[in-house]
Amino acid sequence: EDDGQPAGMRWRLPLSIYHDLRGYLCAAADADVEPIPREVLKMASLGCERQARGFPSAEEICTKRGLRKGLAEALAPFQRGGVEFVAERKGSALLADEMGLGKTVQAIASMSMYHEEWPVLVLTPSSTRFHWEHEFLHWLGASSPLHAEELRAERKRPRAAGLSFPGTHGMRVPGMRV
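Side note on the overall build of the protein chain
1) Next: Each helix and strand counted, the protein chain has eight helices and four strands in total.
2) Next: The order of helices and strands in the protein chain, counted from the N terminus, is α-α-α-α-α-α-β-β-α-α-β-β.
3) Next: Scored against the burial criterion, the 178 residues of the protein chain give a buried share of 28%.
4) Next: Restricting the contact set of the protein chain to residue pairs at least 6 apart, pairs at least 24 apart contribute 57%.
5) Next: Element-wise, carbon and sulfur atoms account for 56% of the exposed surface of the protein chain, whose accessible area totals about 12800 Å².

Structure follows, in structure tokens:
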């Protein structure tokens, strides 16, 4: 990207030295240093903290967030990080990865953490409604190979009346014309 500055005039420095560097530059008599807005600094700091923390393991996300074992193990580490991101925000988050990185499965895994609050409504263009239905059934459905062992154990336990999570009852995927 060309902002009109010669290539040698742009620096990329670690966020950790920002305050010291700004203090040093402000102390110079002929320097006019505009601060980075506080909100931007806060967002950048949160990103650094998240990177330093790393992604949760499949076991951690099962234990801490109640995700089904088969689904948690099928997620790539960065996808588990996305699910954890949604969970930290109590389900109020936007997943905006590049195409092809698995936002659908991250969204389904995130929604599954809140299955007790279902029904869930997925708003999608009409052309993708069958894809969403297929993905829900693949990742959470009663016939999903990911949950075969868990479902066998579930069938042996007495069931309470109400929502049946393994079959994704309560899921609604209406199509929208756009």
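Topic: unusual backbone geometry
1) Next: With an omega dihedral of 25°, the bond running from W118 to P119 counts as a cis peptide bond.
2) Next: By the secondary structure assignment, P119 is in the loop between α6 (103-112) and β1 (120-121).
3) Next: If you check the backbone angles, K90 has positive phi at about 55° while not being a glycine.
4) Next: Here K90 shows up in the loop between α5 (77-88) and α6.
5) Next: Take K90: its relative accessible area is 69%, and that puts it in the exposed class.

Here's the deal with α5
1) Next: In this model α5 runs 16 Å from its N-terminal to its C-terminal C-alpha over 12 residues, within 8% of the 16 Å that 1.5 Å per residue would give.
2) Next: All of the buried residues along α5 are Q79, R80, G81, G82, V83, E84, V86 and A87.
3) Next: Among the residues trailing α5, K90 stands out with phi positive, at a value near 55°.

Looking at the packing of aromatic side chains
1) Next: In the structure shown here, the tally under the stated rule is two aromatic pairs.
2) Next: Between W118 and F136, the ring centres sit 6.1 Å apart and the planes meet at 80°, which makes this aromatic pair edge-to-face. Of this pair, W118 sits in the loop between α6 and β1 while F136 sits in helix α7 (residues 129-140), placing them 18 residues apart in sequence. Each member of the pair, W118 as well as F136, carries the same accessibility label: buried.
3) Next: Ring geometry for W132 and F136: centres 6.2 Å apart, planes at 40°, overall tilted. Placement of the pair is W132 and F136 together in helix α7, with a separation of four residues, close to one helical turn.
4) Next: Given the relative accessible area of 0%, F136 is considered buried.

Some words on the nonpolar core
1) Next: Ranked by internal contacts, the top residues of the largest apolar core, which has 22 residues, are L67, L71, V83, M111, W132, F136 and L140.
2) Next: Elements represented by at least two residues in this core include exactly α3 (58-65), α4 (69-74), α5, α6 and α7.
3) Next: By residue number, the principal contributor to this core is α6, which donates five residues.
4) Next: Contact partners of V83, with chain neighbours within four places excluded, come to I61, L67, L75, Q106, A109, S110 and M113.

Notes on the pattern of salt bridges
1) Next: All told, the structure shown has three salt bridges when counted by the stated rule.
2) Next: In this structure, K64 engages E84 in a salt bridge whose closest nitrogen and oxygen atoms are separated by 3.2 Å. A residue pair is termed long-range when its members are at least 10 positions apart, and K64 in helix α3 and E84 in helix α5 qualify at 20 residues.
3) Next: A relative accessible area of 57% places K64 in the exposed class.
4) Next: Of the residues examined, E84 reaches a relative accessible area of 6% and is grouped as buried.
5) Next: The salt bridge partner of E84 is R65, with a shortest N-O separation of 2.8 Å. Linking E84 in helix α5 with R65 in helix α3, this pair joins segments that are 19 residues apart in sequence.
6) Next: Residue classification places R65 among the partly exposed residues on the basis of a relative accessible area of 23%.
7) Next: One salt-bridge network, held together by shared partners, links K64, R65 and E84.

Rules and cut-offs
Residues numbered from 1 in each chain as written. Predicted model: local features only at pLDDT ≥ 70, side-chain atom pairs only at ≥ 80, totals over all residues. Heavy atoms only, no water. Helix = DSSP H or I, 4+ residues; strand = E, 2+ residues; numbered from the N terminus. Buried < 20%, exposed > 50% of the residue type's maximum accessible area, 1.4 Å probe, protein only. Contact = heavy atoms within 4.5 Å. Areas by Shrake-Rupley, 256 points an atom, 1.4 Å probe, with all protein chains shown as cover. Expected span 1.5 Å × (residues − 1). Phe/Tyr/Trp six-rings, centres within 6.5 Å; stacked < 30°, edge-to-face > 60°. Core = buried A, V, L, I, M, F, W, Y, C linked by side-chain atoms within 4.5 Å. Salt bridge = Lys/Arg side-chain N within 4 Å of Asp/Glu carboxyl O.

Function cannot be read off these values alone, since they describe shape.
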